[in-house]
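Fold and geometry: a report
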Amino acid sequence: MTQLVTAAEMQQIDKYTIDTIGMPQDVLIERAAMAVLDVIGASRFDLTHVLVLAGLGNNGADGVAIARLLYAQGINVSLQFVGNVNRAKDSVKRQLAIIEKHGLIRSEKSDFNEATLIVDAIFGVGLNNVLPEGLQKMIKAANHIEKPVVAVDIPTGIDATTGEIRGAALKAHTTVSFGFTKVGLTQQKGSSLSGNIIIKDVGMLIPDDFEFSIQKKLPVA
Ligand SMILES: NC(=O)C1=CN([C@@H]2O[C@H](COP(=O)(O)OP(=O)(O)OC[C@H]3O[C@@H](n4cnc5c(N)ncnc54)[C@H](O)[C@@H]3O)[C@@H](O)[C@H]2O)[C@H](O)CC1
Ligand SMILES: [K+]
């Protein structure tokens, strides 16, 4: 049975795992990236040209680590940031410094049409507002050309708690979500845009007295 969580609960669990348990954030990010590689490796996606779209938060950090792992396997991968990288979180900048040493240079502008698979690492549980106009346009264009998308944790644009679309949302073929099923993936548009949802353990721990607000559990598919 898989436990449903809200975005706030997931963020509490992240924080507890890092601050109280002492699990380094970069270890969680690496495990998240390896979990996505597992799913991609076990699927039948055409990996001729993988385009990783990365945001400026920890979802983006996952994306940079995913790009690195794909690159290390000799896969033709492009990494494109969505937003001004100078404003990215430290977790993203640490990952960027590592991939630059690997010789993987990020692309300024990638053409969706060349990609055979898109990895969506723009926004995850931290989405807290409607998407910027420009990103909404990009997402609608990407949905229109119907490229296969693997969403990291949550499809970008889906509110992790309500399942609502925040302006626009990338339609995913597969969503690899970490630790627990975000309730937004099962509600409203969230469920129809997430595609095949795979929950992967990345080593999150919960406090003994943690009270989940949602008692309903989902049968494991
Ligand atoms: N917490 C951890 O250590 C781990 C988290 N994992 C991954 O991280 C994301 C959650 O990351 P977070 O930095 O909290 O938020 P996002 O990356 O989802 O969003 C980035 C950032 O963007 C800002 N923001 C939110 N909404 C908007 C908006 N509409 N327009 C512009 N900017 C916006 C806000 O400041 C956010 O912080 C989680 O989903 C996992 O993928 C790791 O996997 C494990 C470690
Ligand atoms: K995402």
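What counts and what doesn't
Residues numbered from 1 in each chain as written. Chains lettered and ligands numbered in written order. Predicted model: local features only at pLDDT ≥ 70, side-chain atom pairs only at ≥ 80, totals over all residues. Heavy atoms only, no water. UniProt positions renumbered as here; feature names shortened; annotations may be inferred. Donors = N, O, S within 2.8 Å, 3.2 Å for Na, K, Ca; no water. Buried < 20%, exposed > 50% of the residue type's maximum accessible area, 1.4 Å probe, protein only. Helix = DSSP H or I, 4+ residues; strand = E, 2+ residues; numbered from the N terminus. Pairing = 2+ DSSP bridges. Contact = heavy atoms within 4.5 Å. Axes fitted to C-alpha atoms, helices over the stretch in contact; angles between N-to-C directions.

The chain carries the name NAD(P)H-hydrate epimerase in an unreviewed UniProt entry, which gives Leuconostoc litchii as its organism. Annotation of the chain in UniProt includes, under Function (unreviewed entry), the sentence "Catalyzes the epimerization of the S- and R-forms of NAD(P)HX, a damaged form of NAD(P)H that is a result of enzymatic or heat-dependent hydration. This is a prerequisite for the S-specific NAD(P)H-hydrate dehydratase to allow the repair of both epimers of NAD(P)HX." Recorded in UniProt under Sequence similarities (unreviewed entry), the annotation for the chain is "Belongs to the NnrE/AIBP family."

**Details of the coordination of the potassium ion (ligand 2)**
Distances from the potassium ion (ligand 2) to its protein donors, namely Asn59 (OD1), Asp120 (O), Phe123 (O), Val152 (O) and Ile154 (O), fall within the range 2.6 to 3.0 Å. Spacing between the donor residues of the potassium ion (ligand 2) along the chain follows N-x60-D-x2-F-x28-V-x1-I. Its relative accessible area of 29% is what places phenylalanine 123 among the partly exposed residues.

**Let's talk about the pairing of strand β5 (residues 149-152)**
Across the two faces of β5 the burial is the same, with Val149 and Ala151 and Val150 and Val152 all buried. In this sheet, β5 lies alongside strand β4 (residues 117-121) in parallel orientation, the contact comprising 3 bridges. Paired with aspartate 120 across the bridge in β5 is alanine 151.

**Overview of the sheet that holds strand β1 (residues 2-5)**
An order of β7-β1-β9 is seen for the 3 strands of this open sheet, with the pairing classed as mixed. At either margin of the open sheet sits one strand with a lone partner, and together these are β7 (181-182) and β9 (217-218). In this structure, β1 lies alongside β9, joined through 2 bridges in antiparallel fashion. Counted as the bridge partner of glutamine 3 is lysine 217 from β9. Contacts from helix α1 (residues 7-20) reach β1 and β7, with the element oriented near 105 degrees to β1.

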